[in-house]
Amino acid sequence: MTKRILVTGAAGFIGSSLCERLVSDGHRVVAVDNLFRGHREHLSALDEVPGFTFVKGDVREESVLKACEAIFGGFDLVHHLAAINGTRWFHEAARDVIDVNINGTLSTLAAAERWNARYVFASSPEAFGEEELMPLSERSSTAFPSAHEHQRHSYGGSKYLGEVALQHAVAAGLDARIVRPFNAYGPRLLGDAYGQVIGMMFQAVSSKQAIQIHGDGTQTRCFTHIDDVVEGFILAGELDVDLVQGKPLAGSSFNIGSTEEVSIAELARCIKVAVNDQDVEVAHTEGYHGDSKRRVPDCTSSEQLLGWQCTTKLGHGLLRVWQELNVQP
C-alpha cells in the first residue's frame, strides 16, 4: 500500500539511499534537509519522479514541518535521520550537535503525534557510550564517563536522550521504533575531515595520500553495507507486528549491523585489496578521546522480529564501493 512518508536528513548518506528505496517501492516521499552535511545532488535522480518532493529546511523549525505537511496533508510514516554526525564535530561543536539532534527529534516526534504517523528514529551504537560488554544487545546498558573527560558523547548522549524521548512518546500512544545502524558504509559516505573511516580511507587513496589510522589500529568495528542498512529501516517502518509472536513493534529497538568484527588496521588492509594497490601507505595518528576499543552488535531481535539479515561481506562490499566511486560519468 502506498504511504505518505517524510524522511528527515534526506540528502545525507543513509537518508538519500532510503529515499531512493522508498520511491522505488511506490511510496510518496517528502525529503527534508538543511544541507549542512547532506548533498542535494544525492537526490537529483528523484526530482522528476511523481510523488517525490524535496524541501530545504531545518526540522527544528515548526514552519518547515508545516510546509512539509502541506504537501500531502500529513504523513503515515516518519523516518527521522536528521542529525549532526562525524566524530570531529562531536568535539568541535558539541553544543550544536546537542541542539540539532535533541531538538530535531523532539520537534519531529511532536509532529508525528499530530499526524498519527508511525515514527522510525535513526539512533546509533554511540547511544551506548563506552559500554564495554560486547556484543551490544538492543537493551544493553549505556555508560558515559564524566563530561570533564571530553565532548565526544555530545552525539551519543543526544541519541540516548532521543531514545528516552521516543519511549515517552510510545507510552503516550505513538507507534515509534528505534534503528541503530552499525558503521554504515557506501559510495556516498563522507570522506573529508568530518567524515567516517571508510569514506576517509577511500578519499585518501583517491587523492594519493596515506591512509590514516588512529592509534595502534587495534580498535575494532563491524561495518555494514548501505543496502543492508536501508533494508533494516524499510522493515522497521513497514511491519505492523513482529514475526515471532505477532506483537506490536511500538517501542522496539533494532541493531542493524554486520557481526564481522575487524580492527581498523585490518580494515586498511582490506581497503588495499579493494583498490588493488598494496603500496598504499598507512600512517598512524593520534586518535579521538573516548574512542571505543570494540563495538559489536547483537542483532538477534532484528533477525527474529524483523526477518532482517546482513547479506554483504566486508570484502565484497568494499570492492563494490570502490567500483562505484570510479565509474566514469
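Refer to the structure printed above.
Residues numbered from 1 in each chain as written. Predicted model: local features only at pLDDT ≥ 70, side-chain atom pairs only at ≥ 80, totals over all residues. Heavy atoms only, no water.

**A few points about a nonpolar patch on the surface**
A cluster of nonpolar side chains, Phe-144, Tyr-160, Leu-161 and Val-164, forms an exposed patch at the surface whose accessible area comes to about 330 Å². Its place among the elements puts Phe-144 in the loop between strand E5 (118-122) and helix H5 (153-171). (Patch = residues over 30% accessible without salt bridge, like charges linked within 9 Å, V, L, I, M, F, W, Y side chains within 5 Å. Areas by Shrake-Rupley, 256 points an atom, 1.4 Å probe, with all protein chains shown as cover. Salt bridge = Lys/Arg side-chain N within 4 Å of Asp/Glu carboxyl O. Helix = DSSP H or I, 4+ residues; strand = E, 2+ residues; numbered from the N terminus.)

**Focus on the pairing of strand E2 (residues 28-33)**
Of all six residues that make up E2, five are buried, and the element is covered over most of its length. Judged from the five bridges that link them, strand E1 (residues 4-8) and E2 form a sheet pairing that is parallel. From the neighbouring strand, Ile-5 faces E2, where its bridge partner is Val-29. The handedness of the E1 to E2 crossover, carried by helix H1 (residues 13-24), is right-handed. Here E2 runs beside strand E3 (residues 52-56); their pairing, made up of five bridges, is parallel. Among the inter-strand pairings, Val-29 is bridged to a residue of E3, identified as Phe-52. (Buried < 20%, exposed > 50% of the residue type's maximum accessible area, 1.4 Å probe, protein only. Pairing = 2+ DSSP bridges. Right-handed = clockwise from strand over helix to strand, strands pointing away.)

**Some words on the packing of helix H8 (residues 264-275) against helix H10 (residues 314-325)**
Axis separation between H8 and H10 bottoms out at 9 Å; the angle between their running directions is 50°. By the criterion of interaxial angle, the relationship of H8 to H10 is oblique. Where H8 crosses over H10, the handedness of that crossing is right-handed. Residues Leu-267, Cys-270, Ile-271, Ala-274 and Val-275 of H8 touch H10, and the partners they reach there are Leu-314, Leu-318, Leu-319 and Trp-322. In the contact of H8 with H10, the residues fall into nine nonpolar, no polar and no charged. (Axes fitted to C-alpha atoms, helices over the stretch in contact; angles between N-to-C directions. Parallel < 35°, antiparallel > 145°, perpendicular 65-115°, else oblique. Left-handed = near helix turned anticlockwise from the far one by under 90°. Contact = heavy atoms within 4.5 Å. Nonpolar A, V, L, I, M, F, W, Y, C, P; charged D, E, K, R; others polar.)

**A few points about unusual backbone geometry**
Residue Pro-135 follows Met-134 across a cis peptide bond; omega there is 0°. The topology assignment puts Pro-135 in the loop between E5 and H5. Non-glycine residue Lys-208 carries a positive phi angle of around 60°. Here Lys-208 is to be found in the loop between helix H6 (197-206) and strand E8 (211-214). Among the residues examined, Lys-208 registers a relative accessible area of 79% and is labelled exposed. A positive phi is found at Asn-276, a non-glycine position, where the angle reads about 55°. Mapped onto the secondary structure, Asn-276 falls in the loop between H8 and strand E13 (282-285). Residue class for Asn-276 comes out exposed when judged on its relative accessible area of 71%.

**As for the pattern of salt bridges**
One pass over the structure, following the stated rule, counts 19 salt bridges. Here Arg-4 and Asp-76 are joined by a salt bridge, their closest N and O atoms 3.1 Å apart. Here Asp-76 lies in the loop between helix H2 (62-72) and strand E4 (77-80) and Arg-4 lies in strand E1, a separation of 72 residues in the sequence. The network of salt bridges with shared partners includes Arg-118, Asp-175, Arg-177 and Asp-240.

**Structural notes on H10**
Over its twelve residues, H10 extends 16 Å from the first C-alpha to the last, a length consistent with the 16 Å expected when each residue adds 1.5 Å. Taken residue by residue, H10 has Leu-314, Gly-317, Leu-318, Val-321 and Trp-322 as its buried positions. All buried residues of H10 lie within an arc of 135° about the axis, which places them on one face of the element. In this structure, the buried side of H10 is in contact with strand E7 (184-185), H6, strand E10 (224-225), strand E12 (261-263) and H8. (Expected span 1.5 Å × (residues − 1). Arc of directions from axis to C-beta.)

**Considerations on the state of the cysteines**
A full pass over the atoms with the stated rule returns zero disulfides. Cysteine Cys-270 remains unbridged, with the sulfur of Cys-222 as its closest cysteine sulfur at 13 Å. (Disulfide = S-S within 2.5 Å.)

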